[in-house]
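Breakdown of the fold
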Amino acid sequence: MKVIQAITTLISKYLPVWIVLLSFIAYFFPNVFIPIRSWTGAGLGMIFLLMGMSLSAEKLFAVIRNPKHALLGVFLKWSIMVTVTIAIAYLFFQENAEIATGLILAGTVPSGTSANIYTFIAGGEAALSITMATMDTFISPVLTPTLVQVFAGKLIPIAFWPLFINIIYIVFIPLLTGLLLQWKWAKRIEVVKPYTAVLSQLALFIVVLSVISNAQPSLQDNLSVLPKIFLAVFFQVTIPMVAGYIIAKSMKVPEENARAILFHTGICNTALAATLAMEHVSSLAAVPAVANMVVNLTIGAIVANLFARRKWKQPDANPFKSTVT
């Protein structure tokens, strides 16, 4: 158990480093990962399955009994992030429909895996973080394809139902399965729970390798536009983060909850966005999601560590139960 916790801590603490390292490896040696290129959907499904298996019912019910902060966080995420994303997509890439569509996808998916990790590191409320992530996950099958069709459909024709069904398969069914397993076989799942964090992170690594190796030709062909893409996604991540935190604090939200809302508002599941982009648009459309993945992990780590250095009573929670969104 100590070895597993040490490995999990090492992976979580340096998650951006691992993501960047694996991204470079997948980019320079894409053919090595041909056997796992079709595993992206399965990897994401595993992450959501583990999320369902690791949710703490007691803490979730505590947040549900007083849901105003969870509802606020979800509202801020789907209003601020979407508004900022649409503005940036049209401002930066109106002349490049595929990249603009990929950028819109990257800002209209549920919150990302690392939002929970960084919430705990920053001393935020992990229970609130995973509650907001769960709410995100349940509403995204409708919101994501609707928003993409409304805003990106003007640039590239987007079919609502195939996108909707794909999200149901990748997100909704695995999450419900995990919750069902925990409800029906709670004692057996308790044996697995200590390993859910490291398993979800390994699944995320598989997704990164699959996405980057798949998108490598498009990345290589569009190296000249990558600085512009990274600048765009920098604003796409930082503006919602700052706005979410400031609005939460202005509404007298407790500090630990405001920190959870900050990460929830600014970090999206860009691995899911890249997968959907490749399957429903093009590999070029996955490039903004890949860039966002690197940026949100890096900025999230910096912000989380800055908060962690400020004196704050850490919530009494298990950090490894909040890392599988």
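Since this is a predicted model, take the numbers as computed values, not measurements.

**Regarding the overall build of the protein**
Along the backbone of the protein there are 15 helices and zero strands. Within the span of the protein, comprising 325 residues, buried residues form 58% of the whole. Surface exposure of the protein reaches about 13,700 Å², of which carbon and sulfur atoms provide 70%.

**So, the packing of helix H6 (residues 97–106) against helix H15 (residues 286–309)**
Between H6 and H15, the least distance of the axes is 6 Å, while the angle of their chain directions is 45°. Taken together, H6 and H15 sit at an angle that is classed as oblique. Crossing of H6 against H15: the hand is right-handed. Of H15, the residues touching H6 (which contributes Ile99, Gly102, Leu103 and Ala106) are Pro288, Ala289 and Asn292. Of the residues assigned to the contact of H6 with H15, the class counts are five nonpolar, two polar and no charged.

**Considering the packing of aromatic side chains**
All told, the structure shown has six aromatic pairs when counted by the stated rule. One aromatic cluster in this structure is built from Phe24, Tyr27 and Phe28. The ring of tryptophan 78 carries the charged tip of lysine 77 above its face, separated from the ring centre by 4.7 Å.

**Focus on the nonpolar core**
Judged by nonpolar contacts, the single largest core of 96 residues is most densely connected at Leu15, Ile19, Phe93, Tyr118, Ile229 and Phe263. In terms of residues, this core owes the most to one element, helix H5 (residues 68–93), which gives 14 residues. Setting aside residues no more than four positions away along its own chain, tyrosine 118 makes contact with Leu15, Pro16, Phe263, Ile267, Asn296, Leu297, Gly300, Ala301 and Ala304.

Rules used throughout
Residues numbered from 1 in each chain as written. Predicted model: local features only at pLDDT ≥ 70, side-chain atom pairs only at ≥ 80, totals over all residues. Heavy atoms only, no water. Helix = DSSP H or I, 4+ residues; strand = E, 2+ residues; numbered from the N terminus. Buried < 20%, exposed > 50% of the residue type's maximum accessible area, 1.4 Å probe, protein only. Areas by Shrake-Rupley, 256 points an atom, 1.4 Å probe, with all protein chains shown as cover. Axes fitted to C-alpha atoms, helices over the stretch in contact; angles between N-to-C directions. Parallel < 35°, antiparallel > 145°, perpendicular 65-115°, else oblique. Left-handed = near helix turned anticlockwise from the far one by under 90°. Contact = heavy atoms within 4.5 Å. Nonpolar A, V, L, I, M, F, W, Y, C, P; charged D, E, K, R; others polar. Phe/Tyr/Trp six-rings, centres within 6.5 Å; stacked < 30°, edge-to-face > 60°. Lys NZ or Arg CZ within 6 Å of the ring centre and 35° of its normal. Core = buried A, V, L, I, M, F, W, Y, C linked by side-chain atoms within 4.5 Å.

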